Each structure stands twice: as C-alpha cells, then as structure tokens.
Amino acid sequence: MKKQTHTLHNRPLTRLARALDWVAIAASAVILLSLSLDIVHRRSYLLSEAMVHIQFIVCLVFMLDYMVRTLASHNPKRYFWRHIVVLAVSIPYLNILHWGGIELDKGMYIFLKALPLVRGMLGIYTLIQLATPTRLGGLMWSYITIIILCTYLSALLFFSYEEGLNPRLDGFGEALWWAGLNITTVGANIFAVTGIGKVLTVILPGLGMILFPLLTVYVTHLVKRVES
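So, a few notes on the structure that sits alongside this text. Computed from a predicted model, the values in this text were never measured in an experiment.

Across the interface, helix 8 (residues 172-183) lies against helix 9 (residues 195-227) with an axial gap of 7 Å and an inter-helix angle of 45°. Relative to helix 9, the element helix 8 lies oblique. Counted together, Trp 178, Ala 179, Asn 182 and Ile 183 of helix 8 and Gly 197, Leu 200, Thr 201, Leu 204, Pro 205, Leu 207, Gly 208 and Phe 212 of helix 9 form the full contact between these two elements. Tallied by class, the residues present in the contact of helix 8 with helix 9 amount to 8 nonpolar, 4 polar and no charged.

In this section: the state of the cysteines. Counted according to the given criterion, the structure contains 0 disulfides. Here Cys 59 is not cross-linked by a disulfide; its sulfur's nearest cysteine counterpart is in Cys 150, at 20 Å. Cys 59 gets classed as buried once you look at its relative accessible area, which sits at 0%.

In this section: the packing of aromatic side chains. One pass over the structure, following the stated rule, counts 8 aromatic pairs. Taking 5.3 Å as the distance between ring centres and 80° as the angle between the ring planes, the aromatic pair formed by Phe 56 and Trp 99 counts as edge-to-face. Of the two residues, Phe 56 is situated in helix 2 (residues 49-72) and Trp 99 in helix 5 (residues 93-99); the sequence distance between them amounts to 43 residues. Taking the relative accessible area as the measure of exposure, Phe 56 reaches 23% and is therefore partly exposed. For Trp 99, a relative accessible area of 58% corresponds to the exposed category. Each member of the aromatic cluster is reached from another via a ring pair, and the members are Tyr 66, Tyr 79, Phe 80 and Trp 81.

With that settled, consider the pattern of salt bridges. Under the defined criterion, the tally for this structure stands at 2 salt bridges. Between Arg 69 and Asp 21 there is a salt bridge, with its nearest N and O atoms 3.0 Å apart. Of this pair, Arg 69 sits in helix 2 while Asp 21 sits in helix 1 (residues 11-41), placing them 48 residues apart in sequence. Exposure remark for Asp 21: the relative accessible area of 6% places this residue in the buried category. Between Arg 119 and Asp 65 there is a salt bridge, with the nearest N and O atoms lying 3.1 Å from each other. Of this pair, Arg 119 sits in helix 6 (residues 106-131) while Asp 65 sits in helix 2, and the two are 54 residues apart along the sequence. Residue classification places Arg 119 among the buried residues on the basis of a relative accessible area of 1%.

Here helix 2 is 24 residues long and its end C-alpha atoms lie 35 Å apart, about the 34 Å a rise of 1.5 Å per residue gives. Looking at helix 2, one finds that the buried residues are Met 51, Gln 55, Val 58, Cys 59, Val 61, Phe 62, Asp 65, Tyr 66, Val 68, Arg 69, Thr 70 and Ala 72.

About the cut-offs
- Residues numbered from 1 in each chain as written.
- Predicted model: local features only at pLDDT ≥ 70, side-chain atom pairs only at ≥ 80, totals over all residues.
- Heavy atoms only, no water.
- Axes fitted to C-alpha atoms, helices over the stretch in contact; angles between N-to-C directions.
- Helix = DSSP H or I, 4+ residues; strand = E, 2+ residues; numbered from the N terminus.
- Parallel < 35°, antiparallel > 145°, perpendicular 65-115°, else oblique.
- Contact = heavy atoms within 4.5 Å.
- Nonpolar A, V, L, I, M, F, W, Y, C, P; charged D, E, K, R; others polar.
- Disulfide = S-S within 2.5 Å.
- Buried < 20%, exposed > 50% of the residue type's maximum accessible area, 1.4 Å probe, protein only.
- Phe/Tyr/Trp six-rings, centres within 6.5 Å; stacked < 30°, edge-to-face > 60°.
- Salt bridge = Lys/Arg side-chain N within 4 Å of Asp/Glu carboxyl O.
- Expected span 1.5 Å × (residues − 1).

This is the structure:
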C-alpha cells in the first residue's frame, strides 16, 4: 500500500506487513471469486458450508494484516482509529453469530456476508496501486478500478436481494447490466422492488456523477501532457 508505507517504522513488522500485502491481495481474489460464484449460482441466500469456512479463513487474514500494520505504524493508536472501517468489514460476523446460535433474517444475512467483499475489493484496489509506478497514472487507474468494483459489488447486492422477487431479473447478467447503466446515469428498465435495491438505485447514479468527471479530468490532463 503505497500511501501507508511511510507510516511504518518498525523494520521487522514493516517487512511482515509488506509480505501480508500480497497475502491479503490473494485472499481478496479468493473471497471475490468464491463469494461471487456462491451468490450467482446458488439459489439460496445462505452460504454453503465450504464458503463459510473460506470466508472465515479469509477474514482472519484480513484481520491479521490490519493488526500488523497497526503495530508497525508510527502511531498505532491513531492508525487503528483512522482505519477502523477496514477492520469492521474484516470481521467474520456470520461465523461469530453462528457460534452464538443467533438466527438472522434474509436482509441482514446478505448484508453481513457481503461485508468481506468490501475488504476484498480494497485488496484489488491496493494491487492496482502497486502495479502503477506513476502517481498520475495510479490515480487514473484507481478511479477506473473504483468504478468497476462499485458496479460489480452493486450488481451482486442487487441480485442477492432482488433475485426471485423481481420479475425483470432473469439472471446475474441482468443485474450487471442494471448496475452499469445506473452508474453511468443512463438508467435501466429494471426497477427495484426491495428496499435495498431502491437505495442502490439512488446511490449508483450519484456515485457515477462524482467519479466520471474526476476520471475525465485526469484523462484530459494525460492527453495534454502527451501533446506537450
């Protein structure tokens, strides 16, 4: 993580944190792929037994990465609270609630099982940053990555909540089409029937109106640099 390495001062922990970067990136790819397959191909909102174990292991990797970075930072207390959201989306809530014998309704269950996806997408974002050596190029690719990941996550959530309830939703491809048209502010002919779906329908166009102008500015600046 380029923007965080300057805060690390403990050399052994720094090396461990950098190694864990790649482990966390690999775990991010695992959670994105496995959870996507689980959501798209299974007709139950409940996780399969194998997926429950995979999610637990991946969450442990995410939490370990966070704790090592906190301890290796120049100000652990400040780092902990500034990045507390990263820890919050790394906790295996479903496993903890299952161990406690707590039953959840469909809406809350889908929300909690999707939280590790947010941390997984942060890992993919980190990979893009590590792969782009220049600051300007890194910013441009960061915006492109954010747009793609937000579209994909919204499609997964929309499909999870609307599948079986929305007559216009024939499959995940339709959900992805819905998310792409909404984030580009074009609008889709698939109308949400659940509360979460309606919230996403409002959030996505607003997010697109923020991200696409910023991306346009950076692309324009790159073109001017090439011309000059």
